[in-house]
Structure formats: structure tokens, C-alpha cells
Amino acid sequence: MNILVCISNVPDTTTKVKFIDEFKKLDTSGIQWVINPWDELSLTRALELKDDPSKGIQKVTVAHVGLAGSEPTIRKALAIGADDAIRVNAEPADGIFVAAQLAEVLKKEAYDIILCGIESSDYNGSMVGGMLAEFLDVPSVSSVSGINIENGGIDLTREIDGGKEVIVTGVPVVAIVQKGIAKEPRIAAMRGIMMARTKPIRVFEPSGSRPMTELLNYEKPKPRAACKYIDPENPKQLVELLQNEAKVI
Amino acid sequence: MSVLVFVENWDGRFKKLSFELVSYASKVAEMLGSGITAVSLGTVEDAELSKLAAYGASKVISAENDHFAFLDNQNYTSAIADVAIKENAKVVILSNNNMGKAIAPRIAVRLKAGLGAGVSRLPLSIDPFVVYKKVFSGNAFANLSIKSEVKVLTLAQNSFEIIEKPVPVVIEKLRVEAAENKTVVKDTQKQSGKILLTDAEIVVSGGRGMKSPDNWAPLVELAGILGAATACSRPVSDEGWRGHEEHTGQTGKIIAPNLYFAIGISGATQHLAGVSGSKYIVAINTDKDAPIFEAAQYGIVGDALKVLPKLVEAFREVKGK
């Protein structure tokens, strides 16, 4: 079986985002770009499955929609251990555009398990995985916190309100994964970094699909009122404020 | 033309989130000058279905098939998309919870619609159709224009008030066809009796400042007094002090309660990304420079383990428990 891990290129999650052009554009100066955290966990789990010969995984490929500027992030995924990479050479305009581009590639080459992170930490859309599955007309399972392969069958753990479910499904399947899928993201070793330089990144030109949304402008959150400090010896004051000022208890 | 709202049920019942969603859909329908139809999948009694009329749903379609007892994304998508086409829906609204995230993207593709995910306000305008949503995990917001003829929206949880608007209701029962589920649930584990973190109006959360898993009793007690859910920061769940289902933060659960207690939590960007939607934050931390105090409205500088018992006492007095 082959696994495809879809990766998104996002600002490091500790970035204090700033905007330019009257809040129409993200100020990319000084931003460190990283693999979206959930995609990184997906890749880690895919490689764990490949490391275990009993699971029967031949190859782990990463796929990304983005211009050449995001290749360092793809190389990072290769350094962590992916075997090869696909890049669709287009600006990732919106979720449906990205999903359509990935779907075009996947009509040309088949994968058994397709992993997507539950959201990207930049646009928080939670949509590419589900849209990709719909374009391909294959099953999808969302909120996946565990994936295992037993006797060629695929077991997915799905988080539900107040618990979890174990789901069995065939291939191909799109699993949309969240926390729990792997414990810690795998880090590239020096050997991996050296090997990544020669691993292939195959570049596909985009198909004709169009985005359906346009981001008009950004707003920064309104600054919160300054914190009111309460004497630790007098917690009753907090109770009063929550009752009479905030009116939340 | 209509607005279609998908209302999930939990063992045949609706909850606060369902009524928020219908209230939101009613307001969008008012803006469009159109009707509103609610669709429910699976078995729900008429008495429960008619509750949706209190928030403006004048038509409720209850689509039934035994396969709907379990979520299969393809079957749910087909059922909702078919109703959307039949009702000539121009806007389809779901919650941005686990269910909405699972099926809204598929429905959008099926209807050739743009998706506004996690919107937290009414549309700014109808033509162009502009929605407001969180980006960069709460570090910014964006106005997004949806250009397709049909639009799909998911509403961020706890971002819209329930608005009562009683209307007469027509309930339409629909026995629909569905293929066998291709994703089959073979086992379910559920904790009962606990307040769900994503539903809770008050959340009491502990971080590394709690020092040891053995110190959690007063925190749990405080949550009990307030009818609150318990949560924790990432290091606490990574250490296994508390289960990972309690982890709130960017990679854990994103919550938006009315009141959030951050006890012994310093407030790293990633933690704030999960809780910045809270209406009020109370922070307790020994370090007066901890970033959590920038996000909080009320702060106590002090040792969580010393402050907690006093808080328990003070809240018990007013809550009488």
C-alpha cells in the first residue's frame, strides 16, 4: 500500500502575524515557514506505519500545492522521511482550489491511504481533506486520532462528542487527522537531511479549476481591556466581579 | 429560494448548539428575504423536531434511513445535498463542530459551492456575500467573499446567541434511500455524565503550575461547584497527568466558553489559540509577567495550589453546594 500525506506550508505557530497594504495582505517578512502541525503529525504516523514491515506500506509520498518558494518545507518533509514529493505549481488560492488540484493529480496516480490534517494553522478552514475525498468520490473519515493497519484492513479511531469510535474501511480512504494520531512529530536527522537533497520533487502544472472565495481583508482582534488584579487573600472579590460585572456565574 | 440548516441530533435530541444554529440561519434568511428549512437525519420524534420552530424554522425535513444511526460522510453528504437541491437552497448552514467539519466540505463540492468555515458573525453583506471568520488560530480575523451561487457556511460554536422567534411549523418526514455505509463503526466508547468541553459554558483548566497530577482534586471540585467542564494545557496532557481529550489549545480542542479559568497556565500563543474565543478569562499564575494576564480580564498573581482552596470556599458560599 502507498500513503499520500498532504502538506500545507504555514507560518510558524508562534508568529505574531502582521499585515500590509491596508490589511489586505499578510506581511511575510521575517516569517519562518513550517509544515502545518497536523500534517507533520500525519507524516510521522505514516512513517511509523512504513517502519513496521507487517503493515505492508511500500511508499510514503507528500503532496503540496504551492509555488517554488515552498520547496524548503517540502524538503523538510523529505528529510523527515517521506520517499518522494509532488508539488502542484500554483498559489493555494482557497481550500476548494487546493483540493481540486490535488484531485487532478490523484486521478493520474493512485494512493491507498490519503492523510490530511484537520485544518491548517493559517486559514483554519478544515476543508481540503473532505473536498478532496468528494472530488475523488471516495470515503472520508474526519476527526481521526488513530490509524492502524491489521491484516490489510484499515482501522481508524474517530473522536466523537464525549468519546471515540473505531471505524473499519477499505481503500482508498481519506483520513482527516487531529491530535493523538502520533505522539510527537518526527524530527529530521542529519542523514535524512542529506538524503532529502536527492529525493525527487515532481512538479505538476495546475489544472483549470478556480477558487470560489476571495479574502478581502484582515482585522486584528480588538485588544482586551487590561487585566484587573485581585488580591489572592480576597477571592470573594473575584466572585463578586464574575457575578455583578461579567455576569457569567 | 431558501436557507437550509442541518441540525445534528444526539441520541434523538437537540441541544443549545442546535438552537444557536437555527437562530443564525433565521437571521441569514431574513437578510436574504427567504424562507428557512431545517433538515435532520436519523430518527428524531416530532416533539423534538418541532422545538426548532421556536427559533424560526418554519419547515423541518426529517430524513430517515437506518444507516444514519452512524455518521458516514458520503451518505450524510448525499442526503443533505439532495434536500438542498430540492429546496433550492442558496445558503446551507452547518455547525463548525466535528460533524460539520466532516461533511460541510463534501457538501460544498457536491453543490459547487464556496465554503465559509467557522464564521462567527452574520454576513457583512449579501451581494457580495461576505462572511467574517477567524484566521491564524485567532490571531486575526478575515472578511471572506464567497462568489459561488450557492454558499455553504459553518458557524463557530458559541459565537451566536439564541434568538427566540416562534413560527408555525410543517414537519415533513422523508424515508430516503442510502447505500451501505462504506465506513463502518465497529466499536464505540463513550463517557457518560461528564459535561462536554465543547458544550460547557464554564471551563476550569489546569497547567504545569498545578505541579503534579495528585493536586487536581480542588480544581475538579471548583468545576463541580460551577457546573463546569475540566480542561488542561498541552504539557499536562503530554505528561499524561490528564487525558488528551482535556487538552485545549491550537492542536487540542478549540473552545469558546463564557468563562475560562486558566490555573497555573502561562498562556503560550498555542494555548491562547484554543481559548481566545472565551468571553472572560480568569488567570491564576505565580509569574506576574506571564502572557496569560494579557489575555485575561481578571488575574490573581499567586501559587495556584494555595489560591485554589480559597476559591473553592468562596464559590461554594455563593453557589451553596
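Everything quoted here is computed from the prediction, not taken from an experiment. (Residues numbered from 1 in each chain as written. Chains lettered and ligands numbered in written order. Predicted model: local features only at pLDDT ≥ 70, side-chain atom pairs only at ≥ 80, totals over all residues. Heavy atoms only, no water.)

As for the overall build of chain B
Looking only at helices and strands, one finds nine helices and 15 strands in chain B. Taking 2.2 N^0.38 as the reference for a compact globule, 321 residues should give roughly 20 Å; the C-alpha atoms of chain B span a radius of gyration of 21 Å, in line with that estimate. Restricting the contact set of chain B to residue pairs at least 6 apart, pairs at least 24 apart contribute 66%. Accessible area for chain B stands at about 12300 Å²; split by element, carbon and sulfur atoms hold 51% of it. Where the 36 positive side-chain charges of chain B centre and where its 34 negative ones centre are 4 Å apart. (Helix = DSSP H or I, 4+ residues; strand = E, 2+ residues; numbered from the N terminus. Rg over C-alpha atoms; globule rule 2.2 N^0.38 Å. Contact = heavy atoms within 4.5 Å. Areas by Shrake-Rupley, 256 points an atom, 1.4 Å probe, with all protein chains shown as cover. Lys, Arg positive; Asp, Glu negative; His and termini not counted. Charge placed at Lys NZ, Arg CZ, Asp CG, Glu CD.)

A few points about the interface of chain B and chain A
One frequent convention defines the size of an interface as the accessible area lost when the parts assemble. If you look at the interface, chain B gives 91 residues, while chain A gives 79 residues. For the pair chain B and chain A, the two sides together bury roughly 7200 Å², of which 56% comes from carbon and sulfur. On the chain B side of the interface with chain A, the three residues burying the most area are B:Arg106, B:Phe136 and B:Tyr298, jointly 11% of the side's total. Between the two partners, chain B and chain A, sit eight salt bridges. One salt bridge connects B:Lys147 with A:Glu214, and the closest N-O pair in it is separated by 2.5 Å. Residue composition of the side of chain B that touches chain A, by class: 40 nonpolar, 29 polar and 22 charged. In this sheet, strand β15 (residues 298-301) of chain B lies alongside strand β15 (residues 228-229) of chain A in parallel orientation, the contact comprising two bridges. Bridging across to β15(B), A:Tyr229 finds its partner in B:Gly299. (Buried area = accessible area lost by both parts, 1.4 Å probe. Salt bridge = Lys/Arg side-chain N within 4 Å of Asp/Glu carboxyl O. Nonpolar A, V, L, I, M, F, W, Y, C, P; charged D, E, K, R; others polar. Pairing = 2+ DSSP bridges.)

Some words on the domain arrangement of chain B
All names here are of chain B. What the domain assignment reports for chain B is domain 1 (2-175) and domain 2 (202-319). Distance between the C-alpha centres of domain 1 and domain 2: 32 Å. Listed per partner, the contact involves seven residues of domain 1 and nine residues of domain 2. Summed over both sides, the interface between domain 1 and domain 2 buries roughly 500 Å², with carbon and sulfur atoms accounting for 31% of that surface. For the domain 1 face of the interface with domain 2, the top three residues by lost area are Lys 134, Ser 137 and Asn 158, together amounting to 69%. (Domains from an automatic or database assignment.)

Here's the deal with the nonpolar core
The nonpolar side chains of a soluble globular protein tend to be buried with one another. Grouped together as the largest cluster of nonpolar side chains are 59 residues, with contacts concentrated most on A:Ile114, A:Leu132, B:Phe6, B:Leu41, B:Ile103 and B:Val152. Looking at this core element by element, the count peaks at eight residues for helix α3 (residues 95-108) of chain A. For A:Leu132, the residues in contact, after removing those within four places along its chain, are A:Cys6, A:Ala99, A:Leu102, A:Ala103, A:Leu106, A:Ile114 and A:Cys116. Formed by 37 residues, the second largest nonpolar core is a distinct cluster that contains A:Met1, A:Leu78, A:Ala82 and A:Ile167. (Core = buried A, V, L, I, M, F, W, Y, C linked by side-chain atoms within 4.5 Å. Buried < 20%, exposed > 50% of the residue type's maximum accessible area, 1.4 Å probe, protein only.)

Let's talk about the pattern of salt bridges
Considering all chains together, one arrives at 42 salt bridges over all chains under this definition. Where B:Arg13 meets B:Glu48, a salt bridge forms, and the shortest distance between an N and an O atom there is 3.5 Å. Taken together, the positions of B:Arg13 in the loop between β1 (2-6) and α1 (16-32) and B:Glu48 in helix α2 (residues 46-50) put the pair 35 residues apart, joining distant regions of the chain. The partner of B:Asp303 in a salt bridge is B:Lys211, and the shortest N-O contact between them spans 3.5 Å. Here B:Asp303 is found in the loop between β15 and α9 (304-319), whereas its partner B:Lys211 is found in the loop between β11 (202-206) and α5 (217-226), with 92 residues between them in sequence. Three or more residues joined by partner-sharing salt bridges are found here, namely A:Lys59, A:Asp84, A:Glu109 and A:Arg202.

Thoughts on the sheet that holds strand β13 (residues 201-204) of chain A
Taken together, ten strands build an open sheet; the order of strands is β13(A)-β7(A)-β6(A)-β1(A)-β8(A)-β12(A)-β9(A)-β10(A)-β11(A)-β10(B) and the sheet is mixed. The open sheet terminates on both sides in strands that have one partner only, identified here as β13 of chain A together with β10 (183-190) of chain B. Between one strand axis and the next, the sheet turns by 30 degrees as a mean value, whatever way the strands run. Summarising the sheet, strand β9 (residues 140-150) of chain A and strand β12 (residues 173-177) of chain A pair through three bridges and their orientation is parallel. Bridge pairing in β12(A) places A:Val141 opposite A:Ala175. Across the face of the sheet, helix α4 (residues 98-110) of chain B comes into contact with β9 and β10 (153-160) of chain A while running at roughly 95 degrees to β9(A). (Axes fitted to C-alpha atoms, helices over the stretch in contact; angles between N-to-C directions.)

Digging into the state of the cysteines
Residues and elements named next belong to chain A. Per the stated rule, a full pass over the model turns up zero disulfides over all chains. Distance from the sulfur of Cys 116, which forms no disulfide, to the nearest cysteine sulfur (Cys 6) is 3.6 Å. Given a relative accessible area of 3%, Cys 116 falls into the buried group. (Disulfide = S-S within 2.5 Å.)

Observations concerning the pairing of strand β6 (residues 59-65) of chain A
Residues and elements named next belong to chain A. When you tally the buried positions in β6, you get six out of seven residues, the bulk of the element. Sheet topology note: the strand β1 (residues 2-6)/β6 ladder contains five bridges and is parallel. Its bridge partner being in β6, Asn 2 is matched across the sheet by Lys 59. Summarising the sheet, β6 and strand β7 (residues 84-88) pair through five bridges and their orientation is parallel. Residue Val 62 lies in a different strand from β7, and its bridge partner there is Ala 85. Taken together, β6, helix α2 (residues 71-80) and β7 constitute a β-α-β crossover, and its handedness is right-handed. (Right-handed = clockwise from strand over helix to strand, strands pointing away.)

Some remarks on the environment of A:Leu136
All names here are of chain A. Within the secondary structure, Leu 136 is located in helix α4 (residues 128-136). Note: C-alpha distance between Leu 136 and Lys 16 (120 residues apart in sequence) is 37 Å. With sequence-adjacent residues up to four places away left out, Leu 136 is seen in contact with Ala 103, Leu 106, Lys 107 and Ile 114.

Thoughts on α1(B)
Residue and element names in this part refer to chain B. A rise of 1.5 Å per residue sets the reference length of α1, with its 17 residues, at 24 Å; its end C-alpha atoms lie 25 Å apart and thus fit the reference within 8%. Of all the residues in α1, the buried ones are Leu 17, Ser 18, Phe 19, Glu 20, Leu 21, Val 22, Ser 23, Tyr 24, Ala 25, Ser 26, Val 28 and Ala 29. One or two residues past the end of α1 sits Gly 33, with phi positive at roughly 65 degrees. (Expected span 1.5 Å × (residues − 1).)

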